[in-house]
Amino acid sequence: VVTRDDVEESLKATWQYVKDKEQLLKDLHSQIEETDQRLSVKQAERDYWLEYKNVGSKIQANKIMNLEKDIRQIKDDLHRATEYYRNALKAVKEENDRLVERHTKFCKEQAPENAVRYLDKNSRREIEENEWLKEEVKVYQKEVSDLKASIQLLEEENISLVTKLIDSRLQNLRV
């Protein structure tokens, strides 16, 4: 004997079962849609990387080769510029040494002539002239040391400028 309550409970249980299954089916559909979306995202990513592999990597490789070529060229330019400045500095030093030597030789040649010219005058005049010549030699020696210091500063400035030039070119290459 089946009572009305039993039938209602059975119907409720069946209805609840169908409702649970429908909810489960909805959840599965949403999971399928979510999986489809993730799949499409991954597919797009895969397509991007395949495109990069086939085309983009070659472009990047060409860019890298061009940059390496530019770096080699800049290094060669640096080497040439360094060599040029080194030679120029050497030439300037030699010219300065020649000028100082010529000037010193001229002063030494003039000293005896001046002494002979004043030989007939009293000895005090000769001593004063001798002292003056000694002071002149000191002045010229000071000028020589000042010129050498100036050359050293110019050399350091040139090296600094070349270094800045190379750094700026490297920065431009990186940009």
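Relevant structure appears above.
The notes below deal with the structure included here. (Residues numbered from 1 in each chain as written. Predicted model: local features only at pLDDT ≥ 70, side-chain atom pairs only at ≥ 80, totals over all residues. Heavy atoms only, no water.)

Thoughts on the environment of E83
Note that E83 resides in helix 1 (residues 4-117). For E83, a relative accessible area of 31% gives the class partly exposed. In sequence terms E83 and E45 are 38 residues apart; their C-alpha atoms lie 52 Å from each other. (Helix = DSSP H or I, 4+ residues; strand = E, 2+ residues; numbered from the N terminus. Buried < 20%, exposed > 50% of the residue type's maximum accessible area, 1.4 Å probe, protein only.)

As for empty space enclosed by the protein
Applying the stated criterion to the full structure yields 1 cavity of 30 Å³ or more. Approximately 40 Å³ is the volume attributed to the largest cavity. Secondary-structure elements contributing two or more residues to the lining of the largest cavity are helix 1 and helix 2 (123-174). In terms of residues, the lining of the largest cavity owes the most to one element, helix 2, which gives 4 residues. By residue class, the composition of the lining of the largest cavity is 4 nonpolar, 1 polar and 2 charged. (1 Å grid on protein atoms, 1.4 Å probe; cavity = no way out; pocket = protein on both sides within 12 Å on 5 of 7 lines; lining within 4 Å. Points joined across faces, edges and corners; volume = space filled by probe spheres on them. Nonpolar A, V, L, I, M, F, W, Y, C, P; charged D, E, K, R; others polar.)

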